[in-house]
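Structural description and commentary
Okay, here's what each chain looks like letter by letter:
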Amino acid sequence: MSSSTEVQALTLSSLFSDHMVLQRDKPVRLWGEAPVSQTVSVNVLGKHYSTQAAPNGDWEIILPAHNKAGPFNITIVADETKTIQDVYFGEVWIASGQSNMEWKLKGNVIGKDDELATANRPLIRFFEVPYALAATKQTHLPKSQWQVASSKNAGYFSAVAWFFARKLQGQEKVAVGIIESNWGGTPAEAWLDLEVVSTLAGYEKQSAEVKAQHNWPDILALNKEKEAQKWQRINALETALKQPALNKAYDDSQWQSIDLPNKNPLHHFVWLRREFTLTDIPDNPVTLSFGGIKQNAFIFINGQHLATEDWQATGSTHLIPKALLQQGENLITLRVNSDWDNQVIVGKQEQVYLEVDGVKTDLSSAWRFNNKIEPPMPKVMNYSFTPSFIYNAMIYPLLPYTAQGVIWYQGESNVNKHQYYHALFSHLIKNWRTRAQSPAMPFLFVQISAYLPASELQPKSKWAYLRDAQRQTLSVPHTAMAVSIDVGSADDLHPKQKRQVGERLWRQAASRVYERDLVESGPDFVDLQLGNGQAQATITFTNAQGLKTTDNAPVEGFIIAGADKVFRKANAQIQGSKILLSHPDIKAPKAVRYAWANNPIVNLTNSENLPAVPFRTDDWLEGDVSAK
């Protein structure tokens, strides 16, 4: 909190700025700071409210619930007058999590071009909280501002939140405000209060280490300086363009030879060179493919900049314009680095090639590389993994802002500690509700997508256990889950089918928050029947209207086990709203699992084409089970 000597003038959170959306039909908090004992007055829609700044300068006014309205201005008067323009009472949702929530609409999202072309939607507004870390609870968010959706800026909004907001605005006919507070690659423990995390199994040591360190402000400040230096170097295209290694005549005879994709990660600032020959310069653009690069790259042709890639790039395929090509020998140069873990991987198997007039030439061999022509990557600690550090800076100062609810997409960074996730996530939800003074605040979340090579039988899958921990968290009141198992990818942690995810979150909100009559999810397990002397199991679902498989193919994705706890792929048949399961080697089934793999092969849906919810009927631990 601020002391009386610090407060010199009226101060507002950046949340209270032009184009903001206030939550309709709920009391709304306005707060800030003002000189000691200063009267603070607020004028909203012709009504006046006032209070007096406390001895530490803090003030708060709670506006009574108001139905949808706008646009209007809000005037706040203390030692000076501030006017907030173009304000609406509408629907406010907080969109949070890691990279799959952060992923921008412009980031190769399927259907993005059509979305951006029609994105001039003045009743949809976004507020993005910049990255910030703190070891103690902060009272102010980093500076930001509300953005009115347009074709120029919508590409920088969370894709999942965009599709959610578009459905919400279209159905409810109100202004929609989305507050984005997300950070790619972060685990859930970074988003909770330290006093909460420290009570949870699996996080005692981390929490104690945070509490034991007393000079965090200095540590974080120094680390932030190093991080700025790191990014300055990563993004230094002009410096890279002056690098002698871009010249054909440069002597790289002492560089090491390597084939792509490299089997072992490379480190620091990696430079790669390789030639290709053109007998004639074709009229059509030449395609250069690497399949994928981890993760930041400058790509040059004959010393000229062709493309820049970062973590949001997909596919690493580029058209080389005629102007960059030369008859005879041409030089490809790459400058690659990984800001995430300093482990560089270039290329994907059978996807490193040059295509000229429809003819592909393999470019996977005979590359030369050097990672010593630039100083090493600056060492920066990833404190975004530290318990409470994101919560303190990006959630604690946000949650007094009255919102209808939260949409959350996170979990991938907790897969390796999946056994603790249910308790961790449940406490996160309760923690946020307590801070928001809203014990029943709806919390809608996405079950993590499929990833890694596809599998039919993987009973020890950590990804499946994490999904199950998320499903268990539905025991927390006023929560709901959107399933995304069918939009995943074997080789991409960031599925590009964000529309399905955002609209499935909307379905949950429509059903549970806005009381609309619709099917909120795919088939969801409710009952298992065993026995009666038959070697089969019967599964009953809710949301099973029109239970079917995609393309009317045989049912896939079920595994069953007997008392020996050995899982086998089940024979499955649809019978109305039920599934009958069996296996010739299992005479007395005891347990059933569905979609139980990192990237399961599944196809069960309902009449709304919504995927069945992954589940298990057993409580066996990862080490207790096996497969055959």
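Everything discussed here concerns the structure shown above.
Read on for a plain summary of the structure.

Definitions and cut-offs
Residues numbered from 1 in each chain as written. Predicted model: local features only at pLDDT ≥ 70, side-chain atom pairs only at ≥ 80, totals over all residues. Heavy atoms only, no water. Helix = DSSP H or I, 4+ residues; strand = E, 2+ residues; numbered from the N terminus. Rg over C-alpha atoms; globule rule 2.2 N^0.38 Å. Buried < 20%, exposed > 50% of the residue type's maximum accessible area, 1.4 Å probe, protein only. Contact = heavy atoms within 4.5 Å. Pairing = 2+ DSSP bridges. Axes fitted to C-alpha atoms, helices over the stretch in contact; angles between N-to-C directions. Parallel < 35°, antiparallel > 145°, perpendicular 65-115°, else oblique. Left-handed = near helix turned anticlockwise from the far one by under 90°. Nonpolar A, V, L, I, M, F, W, Y, C, P; charged D, E, K, R; others polar. Phe/Tyr/Trp six-rings, centres within 6.5 Å; stacked < 30°, edge-to-face > 60°. Core = buried A, V, L, I, M, F, W, Y, C linked by side-chain atoms within 4.5 Å. Polar contact = N/O pair within 3.5 Å; in protein donor to acceptor, adjacent residues only side chain to side chain. Salt bridge = Lys/Arg side-chain N within 4 Å of Asp/Glu carboxyl O.

1. Thoughts on the overall build of the protein chain
- Assigned secondary structure in the protein chain consists of eleven helices and 37 strands.
- Over its C-alpha trace the protein chain gives a radius of gyration of 27 Å, about what one expects of a compact globule, namely 25 Å for 628 residues.
- With respect to the principal axes defined by its C-alpha atoms, the protein chain has extents near 80 × 80 × 50 Å.
- Looking at the protein chain as a whole, 54% of its 628 residues qualify as buried.
- In the protein chain, the proportion of contacts linking residues at least 24 apart, taken out of those at least 6 apart, comes to 77%.

2. Describing the sheet that holds strand β28 (residues 536–542)
- Here four strands make up an open sheet; going across it, the order is β27-β28-β33-β32 and the pairing antiparallel. This sheet does not close on itself; its edge strands, each paired only once, are β27 (524–530) and β32 (571–575). When the angles between neighbouring strand axes are averaged without regard to direction, this sheet yields 25 degrees.
- Where β32 and strand β33 (residues 578–582) come together, five bridges link them in antiparallel fashion. Residue pairing for β33: Asn-571 is matched across the bridge by Ser-582.

3. Describing the packing of helix α3 (residues 159–172) against helix α11 (residues 498–512)
- Remark: α3 packs on α11, axes separated minimally by 7 Å, with the N-to-C direction vectors making an angle of 45 degrees. In terms of axis orientation, α3 runs oblique to α11. In this structure, α3 meets α11 at a crossing whose hand is right-handed. Two secondary-structure elements touch here, α3 through Ala-159, Val-160, Phe-163, Phe-164, Arg-166, Lys-167, Leu-168, Gln-171 and Glu-172 and α11 through Lys-498, Arg-499, Val-501, Gly-502, Glu-503, Leu-505, Trp-506 and Ala-509.
- Tallied by class, the residues present in the contact of α3 with α11 amount to nine nonpolar, two polar and six charged.

4. Digging into the packing of aromatic side chains
- Evaluated as defined, the whole model comprises 38 aromatic pairs.
- Relative to Trp-408, the ring of Trp-191 has its centre 6.0 Å away and its plane inclined at 90 degrees; by these criteria the two rings are edge-to-face. Here Trp-408 lies in strand β24 (residues 405–409) and Trp-191 lies in the loop between β11 (176–182) and α4 (194–197), a separation of 217 residues in the sequence.
- Here Trp-191 falls in the buried class, since its relative accessible area comes to 0%.
- Overall, the relative accessible area of 0% leaves Trp-408 in the buried class.
- Between Trp-408 and Phe-443, the aromatic rings sit 6.2 Å apart at their centres with planes inclined by 50 degrees, giving tilted as the arrangement. Residue Trp-408 is located in strand β24, and its partner Phe-443 is located in strand β25 (residues 443–447); the two are separated by 35 residues in the primary sequence.

5. Here we look at the pairing of strand β34 (residues 591–594)
- Of the two faces of β34, the one lined by Ala-591 and Arg-593 and the one lined by Val-592 and Tyr-594 are each fully buried.
- Bridging between strand β30 (residues 558–561) and β34 involves four bridges; their strand directions are antiparallel. Within the sheet, the bridge partner assigned to Phe-558 lies in β34 and is Tyr-594.
- Summarising the sheet, β34 and strand β36 (residues 615–616) pair through two bridges and their orientation is antiparallel. Bridge pairing links Arg-593 to Arg-616 in β36.

6. Quick word on the nonpolar core
- In terms of nonpolar packing, the biggest core is built from 98 residues, with Ile-74, Ile-179, Tyr-401, Trp-408, Trp-432, Phe-558 and Leu-581 touching the most fellow members.
- Ignoring sequence-local partners within four residues, the contact set of Leu-581 consists of Ala-535, Gln-536, Ala-537, Ile-539, Phe-558, Ile-560, Ala-570, Asn-571, Ala-572 and Val-592.
- Among the nonpolar cores identified, the runner-up in size contains 36 residues, and Trp-103, Ala-159, Ile-178 and Tyr-409 belong to it.

7. Topic: unusual backbone geometry
- Between Gly-70 and Pro-71 the backbone carries a cis peptide bond, its omega angle lying at 0 degrees.
- Within the fold, Pro-71 resides in strand β7 (residues 69–77).
- Here Lys-294 and Gln-295 are connected by a cis peptide whose omega angle stands at 0 degrees.
- Take Gln-295: it is sitting in the loop between β15 (293–294) and β16 (296–301).
- Of note in this structure, Asn-342 is not a glycine but carries a positive phi near 60 degrees.

8. Re the pairing of β33
- The pairing of β28 with β33 spans five bridges and is classified as antiparallel. Looking at β33, one finds that Ala-537 is bridged to Leu-581.
- Taking the residues that link successive antiparallel strands as the turn, the β32-β33 hairpin has two residues, and the phi of Gly-576 there is positive, at about 65 degrees.

9. What to know about the side chain of Asp-524
- Following the sequence through the fold, Asp-524 ends up in strand β27.
- A distance of 2.6 Å separates polar atoms of two side chains, one belonging to Asp-524 and the other to Arg-471.
- Each residue touching Asp-524, except ones within four places of it in the same chain, is listed here: Arg-471, Thr-540, Phe-541, Thr-542 and Val-613.

10. Some words on the pattern of salt bridges
- Going through the model one piece at a time under the given rule, you end up with 29 salt bridges.
- We note a salt bridge from Asp-283 to Lys-322, for which the minimum N-O separation is 3.3 Å. Here the residue Asp-283 occupies a position in the loop between β13 (270–278) and β14 (286–289), and Lys-322 occupies one in the loop between β18 (317–320) and β19 (328–337), the gap between them amounting to 39 residues.
- Judged by its relative accessible area of 65%, Asp-283 falls in the exposed class.
- Assessed through its relative accessible area of 44%, Lys-322 is described here as partly exposed.

11. A word on the sheet that holds strand β17 (residues 304–309)
- Taking strand neighbours across the sheet as the criterion, the six strands line up as β12-β23-β13-β19-β16-β17 in an open arrangement whose pairing is antiparallel. Each end of this open sheet is capped by a strand with a single partner; those strands are β12 (256–258) and β17. Averaged over all pairs of adjacent strands, the angle between their axes in this sheet comes to 25 degrees, without regard to strand direction.
- Sheet topology note: the β12/strand β23 (residues 367–370) ladder contains three bridges and is antiparallel. Across the sheet, residue Ser-257 finds its bridge partner in β23, namely Arg-368.

12. Focus: the environment of Val-336
- Considering the arrangement of structural elements, one finds Val-336 in strand β19.
- A residue is classified by how much of its surface remains accessible, and Val-336, at 0% relative accessible area, is buried.
- Expressed as a C-alpha distance, the spacing of Val-336 and Gln-351, which sit 15 residues apart in the sequence, is 17 Å.

13. Some points on the side chain of Glu-374
- Relative to the elements of secondary structure, Glu-374 occurs in the loop between β23 and α8 (389–395).
- Side-chain polar atoms of Glu-374 contact the side chain of Trp-271, separated by 2.8 Å.
- Other than its neighbours up to four places away in sequence, Glu-374 contacts Arg-233, Phe-269, Trp-271 and Arg-335.

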